[in-house]
Amino acid sequence: RVLFRSGWEYVLRTSKTTKLTWEGEEFRYDDVTDHVAPGEVYDVPGVLFTQRKYGPILGLTWWRKDCKGPIHLVTNMTSPEEACGYYRKRFKIETLFSDQKSRGFHLHKSHLSDPTRLSRLLIATCLAYCWIVYLGTYAIDHGWNRIVHRTDRFDLSLFQLGLRLLDHLLNEELAIPVAFTPSAMGQICVR
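What this report covers is the structure whose coordinates are included nearby. Please read these numbers as outputs of a predicted model, since none were measured by experiment.

Moving on, we get to the packing of helix H4 (residues 115-141) against helix H6 (residues 158-171). Where H4 meets H6, the closest approach of the two axes is 7 Å, and the angle between their N-to-C directions is 80°. In terms of their interaxial angle, H4 and H6 are classed as roughly perpendicular. Where H4 approaches H6, its residues Tyr 129, Trp 131, Ile 132, Val 133, Leu 135, Gly 136, Thr 137, Tyr 138, Ala 139 and Ile 140 are matched on the opposing element by Leu 158, Phe 159, Leu 161, Gly 162, Leu 163, Leu 165 and Leu 166. In the contact of H4 with H6, the residues fall into 14 nonpolar, three polar and no charged.

Right, dumping it as structure tokens:
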């Protein structure tokens, strides 16, 4: 509800066994799978989501032509095509999410449930994430990657490389580069 009131749009993947309610009738996503063929979207506008009946939202079952089976989405957007288009872009931010959670800041262990507190923590970790990615690019540009990581292969994300550089600089009591600014385009610019 907070996301909807704040003007945020979302598209989330959910389980085929998730319970939905539409016009008083309960069903699950896997009940509509038979109505969808590869390349099609089956949408249910104004559906209530889960046992708690969150919504109304748009429930989607989407079977991309290049996939073995359909996926199930929930969104507060009104257009199924637009929601699927946004969901298609998720791979561009998957690394950010894993670095925020299990491969980096471990936000999943914060146990925060208050949306205001969680959004404040996310703002701080996103800013820190930008700086750590900057350190990763700095490591490559200045040859630090050969000191903080193996030279026979490159298998670290910029975030992981940045964390290793930061750890090395702190342990060796060396100067830590901090000269970056967020640009108008949302990219990191080095001064």
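Contact geometry of helix H3 (residues 91-100) with H4 gives a least axis separation of 11 Å together with a crossing angle of 110°. With respect to H4, the element H3 is oriented roughly perpendicular. Relative to H4, H3 is oriented so that their crossing is right-handed. Touching Thr 95, Leu 96, Asp 99 and Gln 100 of H3 are Leu 122, Thr 125, Cys 126 and Tyr 129, all from H4. Across the contact of H3 with H4, the residue classes tally to four nonpolar, three polar and one charged.

With that out of the way, let us pick up the packing of aromatic side chains. Following the criterion strictly, the structure yields four aromatic pairs and no others. Geometrically, the ring pair formed by Tyr 129 and Phe 159 is stacked, given 5.2 Å between the ring centres and 25° between the ring planes. Of the two residues, Tyr 129 sits in helix H4 while Phe 159 sits in helix H6, which places them 30 residues apart along the sequence. Among the residues examined, Phe 159 registers a relative accessible area of 1% and is labelled buried. Here the aromatic rings of Tyr 134 and Tyr 138 are separated by 6.0 Å at their centres, their planes lie at 50°, and the arrangement is tilted. With a gap of four residues between them, Tyr 134 and Tyr 138 both fall in helix H4, about one helical turn apart.

How each quantity is defined
Per-chain numbering applies: the sequence of each chain, read as written, is numbered from 1 onward. Side-chain atom pairs in this predicted model are given and counted only at pLDDT of 80 or more, local residue features only at pLDDT of at least 70, and totals for whole chains, interfaces and linings cover all residues. To get the side-chain values, take all heavy atoms of the structure and skip hydrogens and water. Inter-axis angles, ranging from 0 to 180 degrees, are taken between N-to-C directions of lines fitted to C-alpha atoms, where helices are fitted over the stretch in contact. In DSSP terms, a helix is any run of H or I states spanning at least four residues, a strand is any run of E spanning at least two, and both are numbered starting from the N terminus. Oblique is the label for every angle not falling under 35 degrees (roughly parallel), over 145 degrees (roughly antiparallel), or within 65 to 115 degrees (roughly perpendicular). Any two residues having at least one pair of non-hydrogen atoms within 4.5 Å are treated as being in contact. Classes in brief: Ala, Val, Leu, Ile, Met, Phe, Trp, Tyr, Cys and Pro nonpolar; Asp, Glu, Lys and Arg charged; the others, Gly included, polar. Crossing handedness is defined as follows: a turn of the near helix away from the far one that is anticlockwise and smaller than a right angle gives a left-handed crossing, while the clockwise case is right-handed. Classification of ring pairs uses Phe, Tyr and Trp, with its six-membered ring standing for Trp, and accepts pairs whose centres are within 6.5 Å; under 30 degrees between planes counts as stacked, over 60 as edge-to-face, and the remaining range as tilted. Here's how the labels work: a residue is buried when its accessible area is under 20% of the maximum for its type, exposed when over 50%, partly exposed in between, all with a 1.4 Å probe on protein chains only.

Spatial relationships are all this shows, so hold off on functional conclusions.
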